[in-house]
Amino acid sequence: MTVHTRIEGMAAPLPVSNLDTDQIMPKQFLRRIDKAGLAEGLLYDMRFGPDGKPRPEFVLNRPEYAAARILVAGPNFGCGSSREHAVWGLRQYGIQAVIAPSFGEIFYSNAMNNSLMLVALAEADVEAILADVSAPENSLVAIDVASMTVRSKSLAASFSLSERHRRMFLESLDMIGATLAMQDQIHAFAAKHWQQRPWLKDIASMTKNRLA
């Protein structure tokens with residue numbers, strides 16, 4: 001088991017409210033049959049102009065934020081459609097966490113199931129972190145998942161996670177891994193269920209055989 005407790009590094013300010021998944025991962029990048037290459041599409045229309053050239057003013061195109069691992073964003077980040085590609089693209093690009101006042105509900109589940117840490121803080125706390133990281137020399141942010149705390153140059157704040165999501169992150173588990181970690185309990189539940197209701201076991205195959 002890999003224990004994974006902290007995310008620490010440069011944070012980039014992205015103070016955009018209601019940044020939806022269509023903007024995070026535009027539709028033309030959904031044609032692929034696997035997850036590969038989605039970093040190219042991340043925030044494409046914000047990163048690139050109509051001519052395909054990078055917009056130099058966009059934060060992730062600025063050399064001083066090239067190593068950003070954390071985004072500090074506006075409220076309702078990840079609203080819109082349920083495309084999981086938005087999360088995959090963020091992870092492939094190197095983003096390990098997003099700090100914002102709130103998140104789209106489906107995006108939140110997709111992110112936490114794919115080890116993209118989402119930290120929801122009070123809007124005033126997010127504004128304080130945004131003020132810090134807007135100066136590259138003050139852009140170091142540390143997220144301690146074990147203690148559920150965030151630190152920037154001028155702020156220390158606490159956040160909350162469900163115990164399931166916290167454990168999945170700390171143990172580097174996806175949904176399949178989290179399920180497999182409970183195999184003993186699953187087998188015990190199944191054995192008790194069939195012991196109490198033996199007439200239900202294999203009922204479909206028994207009915208099929210009887211009809212045949």
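Residues numbered from 1 in each chain as written. Predicted model: local features only at pLDDT ≥ 70, side-chain atom pairs only at ≥ 80, totals over all residues. Heavy atoms only, no water.

K.L.:
Tell me about the overall build of the chain, and please be specific about residues and values.
P.N.:
For the chain, the count of helices and strands is nine helices and seven strands. Against the 2.2 N^0.38 benchmark of 17 Å for 212 residues, the chain shows a C-alpha radius of gyration of 21 Å, more extended than a compact globule. Each of the three principal axes of the chain carries a C-alpha extent, and together these read 70 × 40 × 30 Å. In the chain, buried positions account for 41% of the 212 residues. (Helix = DSSP H or I, 4+ residues; strand = E, 2+ residues; numbered from the N terminus. Rg over C-alpha atoms; globule rule 2.2 N^0.38 Å. Buried < 20%, exposed > 50% of the residue type's maximum accessible area, 1.4 Å probe, protein only.)

K.L.:
With reference to specific residues and values, describe the packing of aromatic side chains.
P.N.:
Taken as a whole and assessed by the stated rule, the structure comprises five aromatic pairs. On the numbers, 6.3 Å between centres and 80° between planes, the contact of Phe 77 with Phe 103 is edge-to-face. Remark: Phe 103 occurs in the loop between strand S3 (97-100) and helix H4 (105-112) and Phe 77 occurs in the loop between strand S2 (70-73) and helix H3 (85-93); sequence separation between them is 26 residues. With 5.5 Å between their ring centres and 70° between their planes, Phe 77 and Phe 107 make a pair best called edge-to-face. With a gap of 30 residues between them, Phe 77 in the loop between S2 and H3 and Phe 107 in helix H4 connect regions that are remote in the sequence. Here Phe 77 matches Phe 107 in class, with each residue buried. By way of ring pairs, the aromatic residues Phe 77, Phe 103, Phe 107 and Tyr 108 are connected into one cluster. (Phe/Tyr/Trp six-rings, centres within 6.5 Å; stacked < 30°, edge-to-face > 60°.)

K.L.:
Could you give an account of helix H6 (residues 163-170), with specific residues and numbers?
P.N.:
Three or more residues of H6 are buried, namely His 165, Arg 166, Met 168, Phe 169 and Leu 170. Structurally, H6 contributes buried residues whose contacts are with strand S1 (6-14), H4, strand S4 (117-120) and helix H7 (175-180). Just beyond H6, the residue with positive phi is Ser 172, at close to 55°. (Contact = heavy atoms within 4.5 Å.)

K.L.:
Could you give an account of helix H5 (residues 123-133), with specific residues and numbers?
P.N.:
Within H5 the residues assigned to the buried category are Val 126, Ile 129, Leu 130, Asp 132 and Val 133. Across the axial projection of H5, the buried residues extend over an arc of 160°, all falling on one side. Across from the buried face of H5, at angles greater than 90 degrees, the exposed residues are Ala 124 and Ala 131. On its buried face, H5 sits against S1, S2, S3, strand S5 (140-144) and strand S6 (149-151). (Arc of directions from axis to C-beta.)

K.L.:
Requested: an account of the pairing of S4, with residues and values cited.
P.N.:
Relative to S4, S3 runs parallel, the two being bridged by four bridges. Counterpart to Val 98 in the pairing with S4 is Leu 118. Read as a crossover between parallel neighbours, the route from S3 over H4 to S4 is right-handed. (Pairing = 2+ DSSP bridges. Right-handed = clockwise from strand over helix to strand, strands pointing away.)

K.L.:
Kindly report on the sheet that holds S3, identifying the contributing residues and their values.
P.N.:
Pairing is mixed in the open sheet, where seven strands are placed in the order S4-S3-S2-S1-S5-S6-S7. Here the strands that pair on one side only, and so sit at the sheet edges, are S4 and strand S7 (156-158). Geometrically, the sheet is characterised by an average inter-axis angle of 25° between neighbouring strands, direction not taken into account. As defined by bridge partners, S6 adjoins S7 across three bridges and the pair is classed as antiparallel. Bridge pairing in S7 links Thr 149 to Ser 158. (Axes fitted to C-alpha atoms, helices over the stretch in contact; angles between N-to-C directions.)

K.L.:
Kindly report on the nonpolar core, identifying the contributing residues and their values.
P.N.:
Soluble globular proteins tend to bury their nonpolar side chains together. If you look at the biggest cluster of nonpolar residues, it comprises 56 residues, and the most contacted ones within it are Phe 77, Ile 99, Phe 107 and Ile 143. In terms of residue count, S1 provides more of this core than any other element does, five residues in total. (Core = buried A, V, L, I, M, F, W, Y, C linked by side-chain atoms within 4.5 Å.)

K.L.:
With reference to specific residues and values, describe unusual backbone geometry.
P.N.:
Its identity is not glycine, yet Asn 76 carries a phi of approximately 65°, on the positive side. By the element assignment, Asn 76 lies in the loop between S2 and H3. The phi dihedral of Met 148 falls on the positive side, at around 55°, and the residue is not glycine. Its location among the elements puts Met 148 in the loop between S5 and S6.

Function-wise, these values are silent; they only describe arrangement.
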